[in-house]
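Structure assessment
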Amino acid sequence: MNWTLAARAAKMNPSALREILKLTERPGIISLAGGLPSPKTFPVQAFADACARLLRDDGPAALQYAASEGYGPLREAVAAMLPWAVEPAQVLITTGSQQGLDLAAKVLIDAGSRVLVETPTYLGALQAFAPMEPQPVAVASDDEGVVAEDMAAKAAGARFIYLLPNFQNPTGRTMSAARRVAVLDAAARAGLPIIEDNPYGELWFDQPPPPPLTARNPQGAIYLGSFSKILAPGLRLGFLVAPKAVYPKLLQAKQAVDLHTPIFNQRMAYEVMKDGFLDRHVPAIRALYKQQRDAMLAALAREMAGLDVRWNAPAGGMFLWLRMPEGIDTARLLPQAVERGVAFVPGAPFYSGAGDARTMRLSFVTASVDQINHAIAALARTVRQAL
Ligand SMILES: Cc1ncc(COP(=O)(O)O)c(C=O)c1O
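In this report, we go over the structure that sits alongside the text. (Residues numbered from 1 in each chain as written. Predicted model: local features only at pLDDT ≥ 70, side-chain atom pairs only at ≥ 80, totals over all residues. Heavy atoms only, no water.)

1. Digging into the site of the ligand
This is how it is decided: Note on terminology: near, applied to a residue and a molecule or strand, indicates that one of the residue's heavy atoms is within 4 Å of it. Every accessible area reported is derived by Shrake-Rupley at a probe size of 1.4 Å, with residue values counting cover from the shown protein chains alone. Under the scheme used here, helices are H or I runs from DSSP no shorter than 4 residues and strands are E runs no shorter than 2 residues, and both carry numbers assigned from the N terminus. Under this grouping Gly is polar, as are all residues other than the nonpolar Ala, Val, Leu, Ile, Met, Phe, Trp, Tyr, Cys and Pro and the charged Asp, Glu, Lys and Arg.
Around the ligand, a shell composed of 13 residues is seen, among which Asp197, Tyr200, Ser226, Ser228 and Arg236 lie nearest. Here the ligand loses 91% of its free accessible area of 390 Å² to cover by the protein chains. Element by element, the count of residues in the shell around the ligand is highest for helix α4 (residues 96-108), at 3 residues. Of the residues assigned to the shell around the ligand, the class counts are 4 nonpolar, 6 polar and 3 charged.

Structure representation (structure tokens):
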């Protein structure tokens, strides 16, 4: 049979990350590479109880086809959760926030459209955008986030800028309050729409991050949220909030993809959440992840002493970003680290253009404190050897 693939299929490449992660799944390896939340945080019993109640009280409806917009009470709960005035009618429940990226790409990108992204950015977004054949444009970014002046200089004709203001994947950085103002002003002047992706915003350690960009620019932004990091990623539950100018098209795009997000999962999440469960649960996740971050920072300070290794101290989320000394290419370092029993993700694939080969991403949430100590010691030995 002669299968002729669509030209767009050539744009669908295996995630560089997935290939790397295969390497790290060998037994005996302590992996700081994955992007998974800690399974210790999954409220299994709450789900078991909710499941029994749901099937007993409303089983057939929970197993029926449902509205594409999402389950009404869940849309209302999402609107109430957000720190600005959101109409439930503006909320679209998505199959993970990853689907929100796919829908936004379908609705907003033509072949050749300029799409602005941070340096570096979330690899899964680059993947979601790629089949629509955009021209990704990397905007300079520093410790405070994307640089507003560079964004403004590149904004002409761009369809949107994709931003991750809180505890960014991969760097863990957070956009400062002042930078948010500058970015909002520059975007408004340029008429540049924003796609704000905020799956980690609730996972702050000492104080909440500044309000979302969308809160101050609801007509100029699509906001993406997720239940993956505060409840469970296996639910595949996310949401988007969009202005009326684009909501109907996002909804139509979703109808074509999956008719609706599994209603059973939506009903389960609502059943678990409806009595203020997240107000008790999320602080426990914050406390656990903060302790893990502290352990990793202490291990880095201890083990990397005397090496020209730089890292940040993320104020929330799951990831920490490292820059290795001159001469180290983290893609080449990885197999050597795996030999010593530790895995990380090289940073270069997270760049839309040429990547910084000296960078790497470490997750501090899935390994235990003991494992973190061992892993960072092994990583430091690997770096010393490579130098
Ligand atoms: C920045 C970012 N956006 C979106 C997603 C997708 O999350 P989900 O589809 O599970 O909501 C992730 C997952 O790791 C992420 O890091």
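2. Here we look at helix α13 (residues 369-386)
The criterion, for reference: One less than the number of residues in a helix, times 1.5 Å, gives the span that helix is expected to have. Contacts were defined at the residue level, with two residues in contact if any of their heavy atoms lie within 4.5 Å.
Here α13 contains 18 residues, and its C-alpha end-to-end distance of 26 Å stays within 8% of the 26 Å for a straight helix at 1.5 Å per residue. Contacts from the buried residues of α13 go to β1 (30-31), α11 (277-303), β12 (319-323), α12 (330-339), β13 (342-343) and β15 (359-363).

3. A few points about the pattern of salt bridges
Heads up, the rule is: Think of a salt bridge as a Lys or Arg side-chain nitrogen and an Asp or Glu carboxyl oxygen that are within 4 Å of each other. Each residue's exposure class comes from its accessible area (1.4 Å probe, protein chains only) as a fraction of the maximum for that residue type: buried when under 20%, exposed when over 50%, partly exposed otherwise.
Evaluation of the coordinates by the stated rule reveals 18 salt bridges. For Arg286, the salt bridge goes to Glu202, with nearest N and O atoms at 3.1 Å. Taken together, the positions of Arg286 in helix α11 and Glu202 in the loop between β8 (194-197) and α8 (213-216) put the pair 84 residues apart, joining distant regions of the chain. Assessed through its relative accessible area of 14%, Arg286 is described here as buried.

4. As for the packing of aromatic side chains
The test is simple: Stacked, tilted and edge-to-face pairs are distinguished by plane angle, under 30 degrees for stacked and over 60 for edge-to-face with tilted covering the rest, among Phe, Tyr and Trp rings (Trp via its six-membered ring) whose centres lie within 6.5 Å. Definition used: whenever NZ (Lys) or CZ (Arg) falls within 6 Å of the ring centre and also within 35 degrees of the ring normal, the charge is taken to sit over that ring.
What the rule picks out here adds up to 9 aromatic pairs. For the ring pair Phe205 and Phe364, a centre distance of 6.1 Å and an interplane angle of 65° mean the geometry is edge-to-face. Taken together, the positions of Phe205 in the loop between β8 and α8 and Phe364 in the loop between β15 and α13 put the pair 159 residues apart, joining distant regions of the chain. Per residue, the accessibility class of Phe205 equals that of Phe364, and both read buried. An aromatic cluster is defined as three or more aromatic residues linked by ring pairs; in this entry it consists of Trp84, Tyr223, Phe227 and Phe239. Between Arg361 and the ring centre of Phe319, over which it is positioned, the NZ or CZ distance is 4.1 Å.

5. Comments concerning the sheet that holds strand β3 (residues 114-117)
Quick note on the threshold: Strands are treated as partners if at least two bridges between them are detected by DSSP. Each axis is a line fitted through C-alpha atoms, taken for helices only over the stretch in contact, and angles between the N-to-C directions span 0 to 180 degrees.
Here 7 strands make up an open sheet; going across it, the order is β2-β10-β9-β8-β7-β3-β4 and the pairing mixed. In this open sheet, the two strands that pair with only one neighbour each are β2 (91-94) and β4 (135-138). Across the sheet, the mean angle separating the axes of adjacent strands is 20° when strand polarity is ignored.

6. Notes on the pairing of β15
For β15, a buried count of 5 out of 5 residues is recorded, marking the element as mostly surrounded by other parts of the structure. A two-sided burial pattern is seen for β15, the buried positions comprising Thr359, Arg361 and Ser363 on one face and Met360 and Leu362 on the other. Inspection of the sheet shows β12 paired to β15 by 5 bridges, in the antiparallel sense. Across the sheet, residue Arg323 finds its bridge partner in β15, namely Thr359. Here strand β14 (residues 345-346) pairs with β15 via 2 bridges, running antiparallel.

7. Regarding unusual backbone geometry
A cis geometry characterises the amide bond from Thr119 onward to Pro120, with omega recorded as -10°. Omega for the bond connecting Asn169 with Pro170 falls within 30 degrees of zero, at 20°, which places this linkage in the cis form. Structurally, Pro170 is set in the loop between β7 (160-163) and α7 (177-190). At Arg236, a position not held by glycine, the phi torsion is positive, near 50°. Inspection of the secondary structure assignment puts Arg236 in the loop between β9 (221-226) and β10 (238-241).

8. Considering the environment of Pro37
Relative to the elements of secondary structure, Pro37 occurs in the loop between β1 and α2 (44-62). Pro37 sits 189 residues away from Ser226 along the chain, and the two C-alpha atoms are 12 Å apart.

9. Comments concerning the sheet that holds β14
Overall, antiparallel pairing links the 4 strands, which are arranged β11-β12-β15-β14 in an open sheet. Edge positions in the sheet fall to β11 (310-311) and β14, since each has one partner strand and no second. Contacting β11, β12 and β15, α11 runs over the sheet at an angle of about 15° to β12.

10. Some remarks on the pairing of β10
Going residue by residue along β10, you find Gly238 and Leu240 tucked away on one face and Phe239 and Val241 tucked away on the opposite face as well. As paired elements, β2 and β10 share 4 bridges and run antiparallel to each other. Among the inter-strand pairings, Thr94 is bridged to a residue of β10, identified as Gly238. Direction of pairing for β9 relative to β10: antiparallel, over a ladder of 4 bridges. Looking at the pairing, Ser226 lines up with Gly238 of β10.

11. Thoughts on the side chain of His281
Inclusion rule: In protein, a polar contact means a hydrogen-donor-capable atom and an acceptor-capable atom, both N or O and within 3.5 Å, with residues adjacent in sequence counting only if both atoms are side-chain atoms; elsewhere, any N or O pair within 3.5 Å suffices.
For His281, the location among the structural elements is in helix α11. With relative accessibility at 12%, the residue His281 sits in the buried group. From its side chain, His281 meets the backbone oxygen of Thr41 in a polar contact 3.0 Å long. Contact partners of His281, with chain neighbours within four places excluded, come to Thr41, Pro43 and Ile230.

12. Some points on the side chain of Gln99
On the secondary structure map, Gln99 appears in helix α4. Polar side-chain contacts of Gln99 include one of 2.9 Å to the side chain of Lys254. The residues touching Gln99, leaving out its near neighbours within four places in the chain, are Thr94, Lys254, Val257, Asp258 and Thr261.

Such coordinate-based values are descriptive only and should not be taken to indicate function.
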